[in-house]
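Here's the letter readout for the chains.
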Amino acid sequence: MTQQATTQPVAKYRKDYQSPSHTTSDIDLYFELHDSATIVTAISQVKQLRDSTTVELDGEQLGLQTLQVNGQDWSEYELLDGGLKIHQLPSEFELKIVTQIDPEANTALEGLYKSGGAFCTQCEAEGFRRITFYQDRPDVLARFTTTVEADKNTYPYLLSNGNRIDSGDLDNGRHWVKWQDPHPKPAYLFALVAGDFDVLTDQYVTRSGREVALEIFVDKGNLNRAPHAMTSLINSMKWDEERFGLEYDLDIYMIVAVDFFNMGAMENKGLNVFNSKYVLANDQTATDTDYLGIEAVIGHEYFHNWTGNRVTCQDWFQLSLKEGLTVFRDQEFSSDLGSRAVNRINNVRIIRGPQFAEDASPMSHPIRPDKVIEMNNFYTLTVYEKGSEVIRMMHTLLGEEGFQKGMKLYFERHDGTAATCENFVAAMEDASGVDLKQFRLWYSQSGTPTLDVTSHYDADKQTFSLTVVQSTEPTHEQKEKQALHIPFDIELYKYTGEAYSLIIDGKINSNVLDVTQPEQTFVFEGIESAPVPSLLREFSAPVKLNYAYSDEELIFLMRHATNDFARWDAGQMLLAKYIKSFVADTNAVVELPTEVVDAFRGVLLDNTLEPAFIAEMLTFPSHNEVSGWYKRVDVDGIAKVLKSIKQVIANELTDELSATYFALTQQAYSIEHAEIGQRSLRNVCLGYLAYTEQGNTLVEKQYYSSNNMTDTIAAMSAANSAQLACRETLMSDYSDKWKHDGLVMDKWFMLQGTNPASNALSVIRESMSHEAFSLKNPNRIRSLIGAFLNNNPVQFHATTGEGYGFAGEILRQLNESNPQVASRLIDPLLKFRLYDEARQAQIKAQLEALKSMDNLAKDLFEKVNKALES
Ligand code: B3K
Ligand code: ZN
C-alpha cells in the first residue's frame, strides 16, 4: 500500500523535542534490488527507553508486506499518513518489516533511486523513511549490517557503509555483498550504491598506522577525471590529523560520483555519495573554480566523519552543530592549503550577498531554527555559512589554542552520541574559561545586526573614541531583538601606516573589542594625531558596518592596512560609495575621481601583491550584493551603474590591464595555487578589456588558443557579459564540442541563463530542448534556470512579467517531480516585496497560483505561505 500526504503540512517546534520512546541497537537490512520493485527486509533489535508499549515508526511511499514481532505476524498496528504505530509491544523485541519500493519512479531523488544506470540513496534529512519503516530521527543510533543483492552483470559493485564482510553468487545471475558498519549511526547516514563503475584506488596510512583503502567510483570512461578528488581526499585526511588531531576510523573510505543528485554531496559513513560536479575534473573539462570546489567539498564531507558522524545531532533543529562547524573546518582547510585572504574574501561575499538577503527575507531564521515544516528547507546559507561565522567568532574569542581545547572536550564528552548546539558552546566555554553567555544569542536570534560607528578625536587629550551602536531589524518570525556579543576587530593607523597600540584605561587592549551593549564607546589613549581606523578586520562578525569613511581614508587603507582582507574591504567600500551615489541618480554621467582610479591602478601594478588577491581587489560587489543595500531595489539602475563603472575603469586603465594580461600569459596548465592566481588575474583583466575596442579580438583569440577550461570559460563569459560579436560563434563551437557531456555543458547552460540580451528568455526556452538538457537532472536545472532566476536580474525581472511566468511554469512542474529542487529555485520569488508595485503584483500572482495547487509539496507550501503572509 502506498500512502500520499493528504492533510495540510504541520510545523514542528524545537521546544517540543522529546527523547525517543525506543531505540534500536542493531539493524540488519537485506535489499533485493529491482528497478521498480525492490524488496527491503529490515530486522531490528528494539528496546523500550520509557514506559511505552507503542512505537511510532516513520514511513513514506512504502508498500508494507510483512510485519513480525519476535518471529510472529503482528496485527496490532495502524498505518498512518507518514508512518506506522505498532502497539502492545514487549519491552525488548526483534522487529521484522518487509517493504516494497519503486526506485525507478523516484524522481524526488530522496531515499533509494536510480541515477542513470546505478542505484543510490540519499537519506539526510528524512529519506530513510522512504526505504523502510523506522525511527527516522538522528538521536536513534544503531549498528547497521546491510546485504545488497542484484544482477551481477548490470551491478557488479554493491556498496554500503562500513567494512565488506561477506559476498556470494546466486544461481539466477544475481550476487550479493554484505557490509557491516561497527559505528552506531542514525539512519540519515545510511547509504547503498549498486552499479558498474570505473574505480580509482589509493591508500592512506593514518598517523597511528591504520591502513585505509581509498576508492573513488565514477561512471565508466571517467577515470581520468578522478585524480584531483583523490588528492583532495588524501590532503583532507592529513590536514584533519595535523590541525585538529582527528584520524579516520574505518579500513575503507569510498566516494561514488553520481549525475543525479539534489545537492553537493553526502557524508554517509564510509560511503560518501557525491554529485559528479564535485568529483570529476581534468584540465579540459573543469575550471580552476571547479578544482577548488572539489577540494572544499571533498574536505567538507571528510571532516563530517568527526563533526557530524562521530558526534551527530540530537534533532534537526541542531543542524548547524554539524554544518556550521564543518563549513568552518572546510574553510580553514582551504585557507591553510591556498590563499587565506582570497578564501576569506569569497566567504564574506557569500555572507554579505545571499546570506544577508536570506536573513532579510520571509525565510529568515536563526542558525538554530525554532520552527520547521520541511527540514530540507533548512539546509540554508544561514545554517551553513552564518553558522560557520558563529563558530569563527568563537575561534576569534578563544584563539586557536582555546578553540582546540574546546574541540577536545567536545569529543571527550559527546563522541558516539547525538548532541546539541548548547553542548558545543558549553564545551568551548568550559575548556577555555571564556564567558559565552551572551554570545549564545547568535544561535537564537535571526537577522543581520548593523553596527553604526562614529568617531571623535580629541587633540588635547590625545584620545580617539569610537562609539558603536548595534541594532538588528525585526525579521519575519522574530520582532524583538537583543544586543549581541560581537567581536569587533580593529586597528588604528598613523598617517605613516604604522598601527597604534590600543590603550584603554592605561592598559594595552587586544585588537578584538567586545561589543556587548546597544551603545558603547571605546576611548583609546596616547593617540598623537587623528588616526585612520580599520574596522571589522577579517569580517570579525557577520554584521553590516556603517562608518562615514572619506575617500582618502579608504584609499589609505587600500594601501596601508596590514591585513589583506582589510585592504580588499576598503576597496569594496570605496566602490560602494560610488555605486550608491550613481544608483541614487541614474541619469548622472558615471565618472570616478582620478584618485579613485589611481588607487585601483596602484593595486593592479603592485607586484608585492599576490595576483589572486589583485583579482579580488578588482572584482566588484555583485548585483545581488548591491541589491541587499536597499529596501526597494532598482534592478535596472543597479545593473546600469555596475556596467558603467566597469566601463570607466576599463577605459581609464586599458594600458595597464592590457600589459598585465599579456605579461601573465602561461604556456602549460597546472593547478598550483600560484598559477591559479595568475589565471584569475589575467581573466579579470580580460573581463575589463572586453569592454574596450580590442575586446572582441582578444576574447576570440583567447578562446581559440586556450588549452584549458578556465581560459575557455573566461573568454566565453567575457563575451557574454560584454555582449561581444563573437558570443554566438563561441557558444556554438563549445556546444558542438561538448554536447554529449552534461556536466561540461552546465557551463554553457549557465551562460545562456545569465545572458543579458533582451531575448534571453526565448534562448533559454530553446536551450531546454538541447540534447544535453533534462528537467530531471538537478544540475541542468540549476545551471540554466537557477542562473536565470538568481543571476540575470534585468531579464528575469523584465517588466513584461514573462520571467516570472516562466519561473511559475517550471516550479509547478518540479513541484511534482522534485520538490526539493523546486524549493531551492523559488527563493528569488520570495523576496517580491523588494521590487516596485507592478513587479510585486506579478510575482505575487505566481506565488498565489502555486498556493492554490491541491498537490503542493510541503517544501513549497512552507515557503509560499511564509512569503505571502510576510
Ligand atoms: N549533509 C549533507 C546535506 C544534506 C542535505 C539534505 N537536503 C551534505 C553536507 O552538508 O555535507
Ligand atoms: Zn555538511
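Going by the structure above, here's the rest.
Here is what the cut-offs are and how they apply
- Residues numbered from 1 in each chain as written.
- Chains lettered and ligands numbered in written order.
- Predicted model: local features only at pLDDT ≥ 70, side-chain atom pairs only at ≥ 80, totals over all residues.
- Heavy atoms only, no water.
- Pairing = 2+ DSSP bridges.
- Helix = DSSP H or I, 4+ residues; strand = E, 2+ residues; numbered from the N terminus.
- Axes fitted to C-alpha atoms, helices over the stretch in contact; angles between N-to-C directions.
- Donors = N, O, S within 2.8 Å, 3.2 Å for Na, K, Ca; no water.
- Buried < 20%, exposed > 50% of the residue type's maximum accessible area, 1.4 Å probe, protein only.
- Near = heavy atom within 4 Å.
- Polar contact = N/O pair within 3.5 Å; in protein donor to acceptor, adjacent residues only side chain to side chain.
- Areas by Shrake-Rupley, 256 points an atom, 1.4 Å probe, with all protein chains shown as cover.
- Nonpolar A, V, L, I, M, F, W, Y, C, P; charged D, E, K, R; others polar.
- Parallel < 35°, antiparallel > 145°, perpendicular 65-115°, else oblique.
- Left-handed = near helix turned anticlockwise from the far one by under 90°.
- Contact = heavy atoms within 4.5 Å.

Colleague: Break down the sheet that holds strand 16 (residues 192-195) for me, citing the residues and quoting the values.
Modeller: What the four strands build is an open sheet, ordered 10-11-16-13; its pairing is antiparallel. At either margin of the open sheet sits one strand with a lone partner, and together these are strand 10 (111-115) and strand 13 (157-160). Strand-to-strand twist across the sheet, computed as the mean angle between neighbouring axes with direction ignored, equals 20°. With five bridges connecting them, strand 10 and strand 11 (residues 118-122) associate as antiparallel partners. The partner of G111 across the bridge, within strand 11, is Q122.

Colleague: I'd like a description of unusual backbone geometry, backed by residues and values.
Modeller: A125 follows E124 through a cis peptide bond whose omega is 0°. Among the secondary structure elements, A125 is positioned in the loop between strand 11 and strand 12 (142-151). Look at N70: it is not a glycine, yet its phi comes out positive at around 45°. Locating N70 in the fold gives a position in the loop between strand 5 (63-69) and strand 6 (72-73). Despite not being glycine, D505 shows a phi value in the positive range, around 50°. Locating D505 in the fold gives a position in the loop between strand 28 (503-504) and strand 29 (507-508).

Colleague: Talk me through the coordination of the zinc ion (ligand 2); I want residue IDs and the actual numbers.
Modeller: Surrounding the zinc ion (ligand 2) are the protein donor atoms H300 (NE2), H304 (NE2) and E323 (OE), which sit 1.9 to 2.0 Å from the metal. One chain supplies every donor for the zinc ion (ligand 2), spaced along it as H-x3-H-x18-E. Placement of H300 in helix 2 (residues 288-303) and of E323 in helix 3 (residues 319-337) is noted, with a sequence separation of 23 residues between them. With relative accessibility at 1%, the residue E323 sits in the buried group.

Colleague: Lay out the site of ligand 1 in plain terms, naming residues and giving numbers.
Modeller: Neighbouring residues of ligand 1: 14 residues in total, closest E124, E267, E301, N376 and Y384. One of the side-chain nitrogen or oxygen atoms of K322 is found 3.4 Å away from a nitrogen atom of ligand 1. One nitrogen or oxygen atom from the side chain of E323 is found 3.0 Å from an oxygen atom belonging to ligand 1. Isolated, ligand 1 exposes 340 Å² of accessible area, and the fraction of that covered by the protein chains is 95%. At the level of secondary structure, the elements contributing two or more residues to the shell around ligand 1 comprise strand 20 (265-266), helix 2 and helix 3. When its residues are assigned to classes, the shell around ligand 1 shows five nonpolar, four polar and five charged.

Colleague: Describe the packing of helix 21 (residues 778-791) against helix 23 (residues 802-817), with residues and values.
Modeller: The axes of two packed helices give the description: the angle between them and the distance between them. Running from amino to carboxyl end, helix 21 crosses helix 23 at an angle of 140°, the nearest separation of the two axes being 10 Å. Comparing their axes, helix 23 and helix 21 come out oblique. Here helix 21 runs over helix 23; the crossing is left-handed. Contacts from I781, I785, F788 and L789 in helix 21 reach G803, F806, A807, I810 and L814 in helix 23. Of the residues contributing to the contact of helix 21 with helix 23, the split by class is eight nonpolar, one polar and no charged.

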